[in-house]
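In case you want the letters, here they are:
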Amino acid sequence: MIAPDESDSAPLLEMLHIGKSFPGVRALQAVNLQVQAGEFHSIVGENGAGKSTLIKILSGVYPAGDYEGEIRLKGAVQRFRNVRDSEAAGIAVVHQELALVPEMSAAENILLGNEPRRGGAVRWKALYHHAQEVVSRLKININIYAPVRTLGVGQRQLVAIARSLTRETRILILDEPTAALTESESATLFEVLRALRSRGVAVVYISHRLAEVFQLSDRITVLRDGASVHSAATAELNEAKVISLMVGRDLNRSFAARACDPGATALEVRDISLRDPSTGVAVLDGINFSVRKGEILGIAGLVGAGRSELLMALFGAATGGRRGEILVAGKRVAIHKPADAIRCGIGFVTEDRRQYGLVLGDDLVRNTNMASFGRCSRATVMDERAEISATVRTMKELRTKPASPFVAARTLSGGNQQKIVLAKWLLTAPKVLFLDEPTRGVDVGARQEFYRLITELAEQGLAIVLVSSELEEVLGLSDRVLVMHRGRITGDFPRKHATSERIMACAIGQAQELAG
Amino acid sequence: MMASETLGNFRVRRILSGPLVRSYMMIVALVAVWIAFQIATDGIFLEPRNLSNLLRQTAVTGILSVGMVAVIISGQIDLSVGSMVGLTGMLAALVQASNHNFIFSLLVALGMGLLLGAVQGVLVAYMEIPAFIVTLGGLLAWRGITKGISAGNTIPILNETFQHVGQSYIPPLMGFLIAAFAVASIVWARLRRTSARSVAGVEVSRAANLAQLALPAVVIFAAVIVLNKYAGVPVPAVVLLVITLLGGFVLQNTVFGRYLYAVGGNAEAARLSGINLRRHTVAVFCILGLLAGIAGIIYTARVGSASPDAGLLLELDAIAACVIGGASLVGGRGTVFGAFVGALFMASLDNGMSLKNVPDFIQDIVKGGVLVAAVGLDMIGRRRP
C-alpha cells in the first residue's frame, strides 16, 4: 500500500518476515513488527517464543545476513553489522542484565564511550555537567557521582536509560525492565517512559507482566513459536485474549496416554525457603510439595520464577542458606552438598548441559561415570571394564546414537549430549530424578524420544520432578503440575485440571483458585 | 564435492589437534633438538656420559612436572616449586649437618614439602585466593625462609648415603631388571586398557598394539644399554622413572585421577556430580609439595650442597614441561607421559646449550621463548572453525 520510497509516511520501524535459525533449531519464522514514532509497543510471548532473538536481530547482535527478512527504518532498509551500527541508527537496548561498569560513577556510565574530551583527556567538568543535564531532562533523582554498584537495581535501570538518551535514540527497547524492581521503582520507570514517548521516542517493551503491558502500551504484538501471531491496538485486546494467543496452539498430542499409578511418597519437601546471600531477597518462599514413586511432577513458571533455584536448593547446590525439611522415602535427610543428595538417591539432570552437565573435552565413558566413579572402582582403582560396560549398556538403553563411547562429548548433537547427561544420573541409581529443561536445544525428533524415555523411567518407578518452560511438555508429561511465581507456588493442578490458560494465569501471578 | 572437501579439512584439523598427533609431535620435537645438538656438539651430546648427565638433570624437573601436571589438570598453577625445592633441600642439608642420619633428613624434607603444599592448597581452596597469587607469594616467602635458616650460607652434604641418592649409579644388572619392570608395567597397563575397551566392541589391531608397546620397550632398553656403557643408570633417573609410572597410574586409573580431570574440565559440572572441589584442590597441592620435597633431596644430593638460591626458576621448567607435553592451562587436559617428555625436552635444552657454552643470558631467552611458543601453538591448535 505504501511505496517504499515514500519515506515520510512510512512507519518508524518495520521488521518484515524475520526468520532466524540456530543449528538444529528454528528460532524465528515470519515475524512482522511495525512500530510508529511515539508509540509504546509491547511484545509478549511465552518463554522461548523468540522475543530475545528478535531484539538481538534488531540491535545488531546477530548481524545482517545471519537472519532472513528485512529491517526498515522510515522505509529505508537497514543492514546492521553490529551493535554500533544499530546505535548509530538510533536504536538503544536496555538489557535484562544491565551492561554497566559497577565501579564507575553514574555520570561516567551515562557517557561511557561518549566522553567529552580534549585530545585524549576526559573533560570531567563537562562530563558531569552533561550527565546532570540528561538526568534532569528525565526528571529523575540520581546521584551522578555515586558508583553504580552502590545504586539499586531500579536506579541502575534509569542510568541505562539515561545512557541511551545521550545518543539520538529513536527507538528504546526494554527487555523485562521491571523483573527486579519494586513497585515505586517501577512507577518511576513508567513515568520516564511515558515522558519519552510524548517526545516522539518509540518504546518497544518486553514483559511477562500483562498488567503493566495493558497499563502502558498503545499496541501489543504477540509472539508464539517464533512467529508473530497477532498485533493489535491495546484497546482491542484483553488479558484473557492475550493469554490464549500466547499459548493457543493445538496441543500436539505427541504424548502417549499413560496410566498413572503412583506408589509411596518418594520425596517430600516442607517449607523450603532460600535467600539470595548478596541481596537478601527471598528467592524461594515456603515451598511445599511431595512426589510419589512413578509420578511425574511438572513445575511450570516463567523465567526467574525460582524453579531452577528450587531444584538447586533441594540438591544442596544453591548458594545461600536453605531452610526447611527434605524427606526421602519418609525419612528426614540432611542435604548440604550434591554428594549428600546423590547418596540419598536424588539425580539431577541440570539445565544448560554445556555449563553444568558435561566435561565437553572428555569422552563419554568419563562423562557418564562422573557422578558414580565409586561404583566402578575397587580400593579407589578404576575398573575400566566395568566402567565402559556401564556406559555402553546405558547408552544402549537410552538409544544414544554415537558408535563409540570414546569420542569427546563436544562432538555430539544436542539431543545425544542430553542423553549422556541423563545416562550419568541413571548410573547413580536414583530414586528421585530432577529434570531441569531437559529438552532445551534438542531438536524435535529427539524431543519425542526424550518424552518416551521420561515416561518409561516413571513407569519403572522413578519419581520425577520436571521443570520446563515449554508448557506443552509440562502438560503432556506431568501427572500433576505446580506453578511457581516469584519464589512461591501459585498453582497446583492434577493432570485433568491443568490447562495452559490456567497455568499461564498462575505463572504471571494472577490469583487462581487452587483446583484439586 | 565442496562438502567432502570441508569435511576433509575438518578431519585434518581434528587429527592435528588430537592427542595422538600431539604426543608424536612432541617426540618429534625432542628428537629434532637431540639431532641438532648432536651435530652442533660434534657427537658429544649423545655420548653415554652426557646422556647419563642429561638424565640426572632431567630427574628434578621431571619429578616436579609429574606433580605440576596434576595441578594444571585440575585447573590450578603452582609458581612456588622452585622455592619449595630450595627450602626442602636446605632443611635436609641442615639436618644431616647436625649429624642426623639420612632417613631423618629425608623425612624432614618430605614433611616440609607436604606442609608447604597443604598451606598453599588450603589458601587456594578454602580462602579462595587465586592459586597464581598464593604461589607467587610462596615463591618469595619460601625462598626467604631458605635464606633465613641458612643465614645465606651454602651447606655441604657430607653424609654419604645422601650423596649417593644424587650421584650414584645402579649396577648394570639392576638396571636391566628395572627396565624389565618398567616395560612390564607399561604392557600390563596397555593390555588392561585394550581388554576393557573390547567390551565396547573396540578392537585395536595387533599391529597398532605391538607398535605402541614396542616403542617404549625399545627406548627403555636402549637407554639402559647406553647408560650401562658408562656407569649404569643414575639413581635419580630410577626415582624419576618410578614416580612417572606411579603418577601415570594415579591420573589414568584411579577415581582421584578421574576427578582431577573432571574438576579442571568443568568445575561446575564436577561439583554438581558430587565431587568435592576443595578437597581435591588441597590434595593436588599436597602431592606437588611432597614431590617438591623429593626433588629437593635429589637436587641437593646431586649438587653436593644446598645453597640459598638452589632451585631458582625451576617452576618455569616444570610448567614449560607440562605445556610442551600437551597440558592445557585452562585445566582438564594433560598427561604424565607428556610432562615427562616435556621435562626431557627442557633438560636437553639446558644440557645442550651448556655443552656449547651458550652464554647464560641467551639460554634464558631461549627457554622463555620456548615456553611462550608452546602455549601459543596450543592456542592455535585449539582454535575451532
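Residues numbered from 1 in each chain as written. Chains lettered and ligands numbered in written order. Predicted model: local features only at pLDDT ≥ 70, side-chain atom pairs only at ≥ 80, totals over all residues.

1. Here we look at the overall build of chain B
So, step 1. When its secondary structure is counted, chain B shows 16 helices and 4 strands.
So, step 2. Expected size for 385 residues packed as a compact globule is a radius of gyration near 21 Å; at 21 Å, chain B falls within 12% of this value.
So, step 3. Along the first, second and third principal axes, the C-alpha set of chain B runs to 75 × 55 × 40 Å.
So, step 4. Across chain B, contacts joining residues at least 24 apart in sequence account for 81% of those joining residues at least 6 apart. (Helix = DSSP H or I, 4+ residues; strand = E, 2+ residues; numbered from the N terminus. Rg over C-alpha atoms; globule rule 2.2 N^0.38 Å. Contact = placed C-beta atoms within 7 Å.)

2. Thoughts on the overall build of chain A
So, step 1. For chain A, the count of helices and strands is 17 helices and 24 strands.
So, step 2. For 516 residues, the compact-globule estimate of 2.2 N^0.38 gives 24 Å, and the C-alpha radius of gyration of chain A, at 25 Å, lies within 12% of that figure.
So, step 3. Overall, chain A is about 70 × 50 × 50 Å in size when its C-alpha atoms are taken along their principal axes.
So, step 4. A burial count over chain A gives 46% of its 516 residues as buried.
So, step 5. In chain A, of all internal contacts separated by at least 6 residues, the share reaching a separation of at least 24 is 68%. (Buried ≥ 20, exposed ≤ 12 C-beta atoms within 10 Å, placed from the backbone.)

3. Observations regarding the pairing of strand β6 (residues 91-94) of chain A
Residues and elements named next belong to chain A.
So, step 1. Across the two faces of β6 the burial is the same, with I91 and V93 and A92 and V94 all buried.
So, step 2. Of the strand pairs in this sheet, β6 and strand β9 (residues 171-175) are connected by 4 bridges, and their pairing is parallel. Each bridged residue has a counterpart across the sheet, and for I91 the counterpart in β9 is I171. (Pairing = 2+ DSSP bridges.)

4. A few points about the sheet that holds strand β16 (residues 322-328) of chain A
Residues and elements named next belong to chain A.
So, step 1. The sheet built from 4 strands is open, its strands ordered β14-β13-β16-β17 with antiparallel pairing. Edge strands, defined here as strands with exactly one partner in the open sheet, are β14 (282-292) and β17 (331-333). Between one strand axis and the next, the sheet turns by 15° as a mean value, whatever way the strands run.
So, step 2. Sheet contacts for helix α9 (residues 307-314): β13 (265-275), β14 and β16; angle to β13, the most-contacted strand, approximately 110°. (Axes fitted to C-alpha atoms, helices over the stretch in contact; angles between N-to-C directions.)

5. Looking at the nonpolar core
So, step 1. In this structure, I173 and I464 of chain A together with I63, M68 and L291 of chain B are the most contacted members of the largest nonpolar core, which totals 254 residues.
So, step 2. Among the elements that make up this core, the one with the highest residue count is helix α13 (residues 277-303) of chain B (16 residues). (Core = buried A, V, L, I, M, F, W, Y, C linked by C-beta atoms within 7 Å.)

6. Some details on the sheet that holds strand β22 (residues 463-467) of chain A
Residue and element names in this part refer to chain A.
So, step 1. The strand order across the open sheet built from 6 strands is β18-β21-β22-β15-β23-β24, with neighbouring strands paired in mixed fashion. One side of each edge strand has no neighbouring strand; the edge strands of this open sheet are β18 (346-349) and β24 (488-494). Here the average twist between neighbouring strands, direction ignored, is 20°.
So, step 2. Bridge count between strand β15 (residues 296-301) and strand β23 (residues 480-485): 5 bridges; the pairing is parallel. Note on β23: the bridge partner recorded for I299 is L482.
So, step 3. Sheet strands in contact with α9 are β15, β18, β21 (432-436), β22 and β23, and its direction is about 145° off that of β22.

7. Section: the interface of chain B and chain A
So, step 1. Between chain B and chain A, the residue contacts involve 26 residues of the former and 30 residues of the latter.
So, step 2. Elements represented by at least two residues in the side of chain B that touches chain A include exactly α8 (172-198), α11 (255-265) and α12 (267-272) of chain B.
So, step 3. Ranked by residues supplied to the side of chain B that touches chain A, first place goes to α11 of chain B with 6 residues.
So, step 4. The residue inventory of the side of chain B that touches chain A, partitioned by class, reads 10 nonpolar, 9 polar and 7 charged. (Nonpolar A, V, L, I, M, F, W, Y, C, P; charged D, E, K, R; others polar.)

8. Here's the deal with the pairing of β22 of chain A
Residues and elements named next belong to chain A.
So, step 1. Burial analysis of β22 places 5 of its 5 residues in the buried class, the great majority of the element.
So, step 2. Residues A463, V465 and V467 of β22 are buried on one face, and the alternating residues I464 and L466, pointing to the opposite face, are buried as well.
So, step 3. Pairing analysis gives 4 bridges linking β15 to β22, with the strands arranged parallel. Its bridge partner being in β22, I299 is matched across the sheet by V467.
So, step 4. In this structure, β21 lies alongside β22, joined through 5 bridges in parallel fashion. Counted as the bridge partner of L433 is I464 from β22.

9. Observations regarding the confidence of the model for chain A
If pLDDT is low for a region, its predicted coordinates should not be looked at in detail.
So, step 1. Residues of chain A with pLDDT of at least 70 account for 92%, and the chain-wide mean is 86.
So, step 2. Within the model, pLDDT remains below 50 along residues 1-7 of chain A, and this stretch shows 8 contacts once partners closer than five positions in the same chain are excluded. (pLDDT = per-residue confidence, 0-100.)

10. Quick look at helix α15 (residues 336-355) of chain B
All names here are of chain B.
So, step 1. Taking 1.5 Å as the rise per residue, α15 with 20 residues should run 28 Å; its terminal C-alpha atoms sit 28 Å apart, in good agreement.
So, step 2. With respect to burial, α15 is a largely interior element, 14 of its 20 residues being buried.
So, step 3. Among the residues trailing α15, N357 stands out with phi positive, at a value near 55°. (Expected span 1.5 Å × (residues − 1).)

11. Considering the confidence of the model for chain B
Residues and elements named next belong to chain B.
So, step 1. Here chain B shows a mean pLDDT of 89. Residues at 70 or above account for 92%.
So, step 2. For residues 1-17, every residue scores under 50 in pLDDT, and the model assigns this stretch 7 contacts once sequence neighbours within four places are set aside.
So, step 3. On the interface metric, ipTM, the complex scores 0.83, and its pTM is 0.79.

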